[in-house]
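Overview (structure and organization)
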Amino acid sequence: MTTEPAKRYNSGKPRYDYLEPDWLLALSKVAEFGASKYGVYNYRKGLAEDDLIRAILSHTIARMRGGKLDAESGLPHAVHVAWNALELMRQHDFTNEGS
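Residues numbered from 1 in each chain as written. Predicted model: local features only at pLDDT ≥ 70, side-chain atom pairs only at ≥ 80, totals over all residues. Heavy atoms only, no water.

1. Some words on the side chain of His59
The residue His59 is located in helix 2 (residues 49–64) in this model. For His59, a relative accessible area of 11% translates into the label buried. Residues contacting His59, with those up to four places away along its chain left out, are Asp70, His77, His80 and Val81. (Helix = DSSP H or I, 4+ residues; strand = E, 2+ residues; numbered from the N terminus. Buried < 20%, exposed > 50% of the residue type's maximum accessible area, 1.4 Å probe, protein only. Contact = heavy atoms within 4.5 Å.)

Shown next as C-alpha cells:
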C-alpha cells in the first residue's frame, strides 16, 4: 500500500462543510413547523417578497426587543429570520448573475 493520498477533484466545488450542522437542524425545525401549519412544501407555491420581508422584520424586531423564542413555534426568532431570508434568496433568479 502506498503512502500517497487518494486523489480527489474537489476544486471549485461548494464547501458544504462550512455550514454548521446546528444551523441546518434549526432551519429544518422551522421548515417542519411551517409544513405542519401550512402544508408540506407550501412555500414552493411562491411567497410574496413583501410577506417574506415583513416576516424578517417582524422576527428581527421581536429579537431586538429581547424576545428569543417565537411564541407560536417555540423556535428562535433568529432562525425564523434566517429561513425567511433563505426563501427570499431561493426565489431570486440567479441564472443571469454576472451577465
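So much for the structure itself; the text now carries on.
2. Topic: the side chain of His80
Relative to the elements of secondary structure, His80 occurs in helix 3 (residues 77–90). The buried category is assigned to His80, whose relative accessible area is 6%. There is a polar contact of 2.8 Å between the side chain of His80 and the side chain of Ser73. Residue contacts for His80: discarding those within four places in its chain leaves Val30, Phe33, His59, Asp70, Ser73 and Leu75. (Polar contact = N/O pair within 3.5 Å; in protein donor to acceptor, adjacent residues only side chain to side chain.)

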